[in-house]
Amino acid sequence: LAAAVNSLYSFLWDVIMDWGLLSFSRDCRWSTRQRLLLPWPSYVFAVLINLVLRFSWAMNRLPWFKELDMTVVILTIELGEICRRAMWNIFRIEWEILVQQDR
């Protein structure tokens, strides 16, 4: 349970704080970022991939993955994590550029 809460918190932190894709006002309203440097489907794809890969640790706990060779499952998870971190860097740098331009 703690790992699931941690993964969800980390995912939300990525989307809200690190990438700046969502913002919340004091009256509990949320909005999306107005300036996007990439086409909007790339942000949707990034958010979905980030969510899936944040919970990839649960893959080896699912019954249908028990039949697979665990070294292949672990290798796939680790390669996915490398891709997730590279993608995270791209969107983080983009958000930092936008913040610096607004100053």
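Definitions and cut-offs
- Residues numbered from 1 in each chain as written.
- Predicted model: local features only at pLDDT ≥ 70, side-chain atom pairs only at ≥ 80, totals over all residues.
- Heavy atoms only, no water.
- Helix = DSSP H or I, 4+ residues; strand = E, 2+ residues; numbered from the N terminus.
- Rg over C-alpha atoms; globule rule 2.2 N^0.38 Å.
- Buried < 20%, exposed > 50% of the residue type's maximum accessible area, 1.4 Å probe, protein only.
- Contact = heavy atoms within 4.5 Å.
- Areas by Shrake-Rupley, 256 points an atom, 1.4 Å probe, with all protein chains shown as cover.
- Lys, Arg positive; Asp, Glu negative; His and termini not counted.
- Charge placed at Lys NZ, Arg CZ, Asp CG, Glu CD.
- Axes fitted to C-alpha atoms, helices over the stretch in contact; angles between N-to-C directions.
- Parallel < 35°, antiparallel > 145°, perpendicular 65-115°, else oblique.
- Nonpolar A, V, L, I, M, F, W, Y, C, P; charged D, E, K, R; others polar.
- Salt bridge = Lys/Arg side-chain N within 4 Å of Asp/Glu carboxyl O.
- Core = buried A, V, L, I, M, F, W, Y, C linked by side-chain atoms within 4.5 Å.
- Arc of directions from axis to C-beta.

Peer 1: Tell me about the overall build of the chain, and please be specific about residues and values.
Peer 2: What the chain contains, in helices and strands, is three helices and two strands. Compactness check: the chain gives a C-alpha radius of gyration of 16 Å against a globular reference of 13 Å for 103 residues, more than 25% above the reference. Projected onto its principal axes, the C-alpha positions of the chain cover 50 × 30 × 20 Å. For the chain, the residues scored as buried account for 24% of the 103 residues in total. For the chain, contacts bridging at least 24 residues in sequence account for 67% of all contacts bridging at least 6. A total accessible area of about 7600 Å² is found for the chain, and carbon and sulfur atoms account for 69% of it. The positive charge centre, built from 11 side chains, and the negative charge centre, built from 10, are 6 Å apart in the chain.

Peer 1: Give a detailed account of the packing of helix α1 (residues 2-18) against helix α3 (residues 70-102), specifying residues and quantitative values.
Peer 2: One can describe the packing of α1 onto α3 by two numbers: an axis separation of 10 Å at closest approach and a directional angle of 25 degrees. Between α1 and α3, the interaxial angle falls into the category roughly parallel. Residue-level inspection shows D14, M17 and D18 of α1 in contact with α3, the latter providing R84, W88, F91, R92 and W95. A class-by-class count of the residues in the contact of α1 with α3 yields four nonpolar, no polar and four charged.

Peer 1: Quick one: what's the story with the pattern of salt bridges, residue by residue and with numbers?
Peer 2: Under the definition given, this model contains eight salt bridges. D27 serves as the salt-bridge partner of R29, at 3.6 Å between the closest nitrogen and oxygen. Accessibility expressed as a relative area gives 58% for R29, which makes it exposed. One salt bridge connects R33 with E94, and the closest N-O pair in it is separated by 3.6 Å. In this pair, R33 sits in the loop between β2 (30-32) and α2 (40-54) while E94 sits in helix α3, placing the two residues 61 residues apart along the sequence. Each member of the pair, R33 as well as E94, carries the same accessibility label: buried. Counted as one network, the salt bridges with shared partners bring together D14, R54, E81, R84 and R85.

Peer 1: Any details on the nonpolar core? Residues and values, ideally.
Peer 2: Ranked by size, the top nonpolar core spans eight residues in total: F11, V15, W19, L21, Y43, A46, M87 and F91. Every element with two or more residues in this core is listed here: α1, α2 and α3. Ignoring anything within four residues of it in the chain, the contact list for Y43 reads L21, R33, L36, L37, L38, F91 and E94.

Peer 1: Quick one: what's the story with α1, residue by residue and with numbers?
Peer 2: For α1, every residue scored as buried is listed here: S7, S10, F11, D14, V15 and D18. The buried residues of α1 occupy an angular sector of 130 degrees when the element is viewed end-on, so they sit on one face. Opposite the packed face of α1, turned more than 90 degrees from it, sit the exposed residues A2, V5 and Y9. At its buried positions, α1 is contacted by β1 (22-24), α2 and α3.

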